[in-house]
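# A structural walkthrough
The primary structure of each chain is shown beneath.
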Amino acid sequence: MATAQPKSLLDEETQKFLTERFSAMRGDVEIHSFVSRQAAESVSPAPSGKGNGGEPKPEAKAANEKLLFEHFTLSFCRALAECSPRVRHVEHVGPHAPPDKPEKVELGEAVELFPSVLVRAAGTELPLLRLTGAPLGEEAKVLVQAIMLLGSGGSGLSDASKQALATLDGPRHIRVFTSPGCPYCPAQTLNAFKAAMERPDLVRAECIVTEEFPELARKYGVGSVPHTQFTEDYAGVGQMPESLFIGELTGASRSGKTGGPPESAAAGWAAGLDLSAASASYAAGAAENTDIPEGELDLVILGGGPAGLSAAIYAARAGLKTVLLDRGPLGGQVLLTPVVENYPSHPSISGAHLSEILASHARQYVPLLDSTELLDISRDDTGITVLTSTRSYKTKALLFATGAERRNLDVPGEERLRGKGLVYCATCDGFLFKGRTVAVVGGGNTALTDALHLKNLGVTVTIVHRRDAFRAEEALQKAVEREGIAIVWNSVPLEITGKDAVDGLRLKNVVSGEESVLPVNGVFVAVGQKPNSELAAKLGAALEPSGAIRVDAAWRTSLPGVYAAGDVCGGPQQIVTAVGAGAVAAMSVFSDLHKH
């Protein structure tokens, strides 16, 4: 190929980490990359998309961007193969059709979309796993997951999931539509990959980068990610725990409707969704700690946001036998924040990067089990029992750090158009609205941060706020003004309109009473949060009128041995206050246990 050989895309630390992981695999893995002939015969274009003639036409700019994606895919696959002889990279040019002669080792399926990557165990005939699009952002984790899963030699599914898959009645081509900024997408894709590993005779798994293939996304009605197409006419939206995913795949748990997306990272605690980003440690280069202490635990922490991770560090350093369980991606809602500018020691850092730093630190001390499906919590005179889908934990103390989730608008059209232009996560779904028009409803830090993030992605944004002034930080307000983002003041949503997708937002001016319709392709909801306190209430803990868990100054709840910290307790919902609350709560646990 004529493509220049660039410096490796992986930094030294990541290369070392992947070399150790790939070299420890049981078997060899092949990654087959596919690019167009034009990409193979050209050098990588300039990222700006500008040539000697200045700014290109939209068509030329799109073609230039596509070439960038293809060149990046080649470079990334080469970099992965350089990490270990266990990984072999095979480069292909142009469309691929399965050969007719059975004695040939075939890739098993046609490849007509570029870039594409097929992954298979060496010496086998079928590619179980496929990435359609460039491995940018979260899709890079997806590709690493695929390699490590195939190299492990097993699917990693629970016995119950294996038994359920044994009943599968026909072939399935699972398509998981993703976005580079979606932290939920890797774990949902991993579910599909595991199913393909377990039933290679019937299941194929494909990860599709939504914004690179808009026609394919429109064909399947993708309006929010992760969007999982289980069959041609049945899909689910949002992250699912393994058991639900397998049930949807086999048809055992289908309700007959397309599922709805999670409203936030923390929504899984209430809705039973697994929002795990299972491969965060692959990108961060942190060593995993999943060794569960023997016998009764001193503390189980529910939630892997800043409060939970801080509590884990302080509890372990105090000598408490501790485990952290999380349905959601480690980092909680911080993971969804495009840029954090008010956390001490980091003047400006992405939420995803800060989440990885916090998780990496906590992982040095405590097992962080972020793909855990919680089934029940019980409490008696002998202690507290936490039951998950894989085991039970007996513990002396329990800390709720389950965070909060975004509130609904509670207007007509919201449920019907959820995932069809009505979304709650700008980080996840913002890419889907590039070049389109959206409304952001809200006036706090989250709303303005979302609006700025969307504007940066090339989305035309209008902020709708019920008051005549924002509640957000002054720095964010000045940034919105500087970016020239339109604002509709003193207005509340009455209805989200559209037949099959959002086409408008009907508003009412709370001062004049006048109604109007704002034409938009999407609505992003950021109207506050509600605490994820349902589990604590079920256990018997007292709540505040707002739904937050009632705690004292030491973060003790009304139940002996049960504590809470972070956004689930209400108050200032800031990263730094959550970190402090988690630390104090852990020290309270230590003090109380030693008193008794």
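Just above, that's the structure.
An account of the accompanying structure is given in this report. (Residues numbered from 1 in each chain as written. Predicted model: local features only at pLDDT ≥ 70, side-chain atom pairs only at ≥ 80, totals over all residues. Heavy atoms only, no water.)

For helix H14 (residues 445-456), spanning 12 residues, the distance from its first C-alpha to its last is 17 Å, which sits close to the expected 16 Å at 1.5 Å a residue. Three or more residues of H14 are buried, namely Ala 447, Leu 448, Thr 449, Asp 450, Ala 451, Leu 452, His 453 and Leu 454. Looking at the packing, one finds that the buried side of H14 touches strand S15 (404-406), helix H13 (426-429), strand S17 (437-441), strand S18 (460-464), helix H15 (474-483) and strand S23 (522-525). Gly 458 lies just past H14 and shows a positive phi near 95°. (Helix = DSSP H or I, 4+ residues; strand = E, 2+ residues; numbered from the N terminus. Expected span 1.5 Å × (residues − 1). Buried < 20%, exposed > 50% of the residue type's maximum accessible area, 1.4 Å probe, protein only. Contact = heavy atoms within 4.5 Å.)

In this section: the environment of Thr 385. Tracing the chain through its elements places Thr 385 in strand S13 (residues 383-388). Linking Thr 385 and Leu 398, residues 13 residues apart in sequence, is a C-alpha distance of 9.2 Å. Setting aside chain neighbours within four positions, we find Thr 385 in contact with Asp 376, Ile 377, Ser 378, Ser 392, Tyr 393 and Lys 394.

Here we take up the packing of helix H6 (residues 185-198) against helix H8 (residues 242-250). Running from N to C, H6 and H8 cross one another at 60°; their axes reach a closest spacing of 10 Å. Accordingly, the angle class assigned to the pair H6 and H8 is oblique. Every pair of crossing elements has a handedness; the one defined by H6 and H8 is right-handed. Across the interface between the two elements, Gln 188, Asn 191, Ala 192, Lys 194 and Ala 195 of H6 pack against Glu 242, Phe 245, Ile 246 and Leu 249 of H8. Taken together, the residues of the contact of H6 with H8 break down into five nonpolar, two polar and two charged. (Axes fitted to C-alpha atoms, helices over the stretch in contact; angles between N-to-C directions. Parallel < 35°, antiparallel > 145°, perpendicular 65-115°, else oblique. Left-handed = near helix turned anticlockwise from the far one by under 90°. Nonpolar A, V, L, I, M, F, W, Y, C, P; charged D, E, K, R; others polar.)

With that settled, the discussion passes to the side chain of Glu 70. Tracing the backbone shows Glu 70 in helix H3 (residues 58-83). Contact partners of Glu 70, with chain neighbours within four places excluded, come to Val 35, Ser 36, Ala 39, Phe 114 and Pro 115.

Our next topic: a nonpolar patch on the surface. Taken together, the side chains of Tyr 314, Val 584 and Met 587 define a hydrophobic patch exposed on the protein surface, amounting to about 260 Å² of accessible area. Along the chain, Met 587 turns up in helix H17 (residues 575-595). (Patch = residues over 30% accessible without salt bridge, like charges linked within 9 Å, V, L, I, M, F, W, Y side chains within 5 Å. Areas by Shrake-Rupley, 256 points an atom, 1.4 Å probe, with all protein chains shown as cover. Salt bridge = Lys/Arg side-chain N within 4 Å of Asp/Glu carboxyl O.)

Let us look at the pattern of salt bridges. Applying the stated criterion across every chain, the model contains 25 salt bridges. Arg 175 is paired through a salt bridge with Glu 206; the nearest N and O atoms lie 4.0 Å apart. One end of the pair, Arg 175, is in strand S5 (residues 172-178); the other, Glu 206, is in strand S6 (residues 203-209), with 31 residues separating them in the sequence. Both residues of the pair, Arg 175 and Glu 206, count as buried. Here Asp 298 ties to Lys 396 by a salt bridge, and the two come within 3.4 Å at their closest N and O atoms. A residue pair is termed long-range when its members are at least 10 positions apart, and Asp 298 in strand S9 (residues 297-302) and Lys 396 in strand S14 (residues 392-400) qualify at 98 residues.

The next subject is the pairing of S14. Relative to S14, S9 is paired through five bridges, and the arrangement is parallel. Its bridge partner lying in S14, Ile 301 is registered against Leu 399. Pairing geometry for S13 and S14, over four bridges, is antiparallel. Pairing of Ile 384 across the sheet is with Thr 395, part of S14. If you look at the hairpin formed by S13 and S14, you'll find three residues sitting between the two strands. Sheet analysis places S14 next to strand S25 (residues 562-564), joined by three bridges and oriented parallel. Within the sheet, the bridge partner assigned to Leu 398 lies in S25 and is Val 562. (Pairing = 2+ DSSP bridges.)

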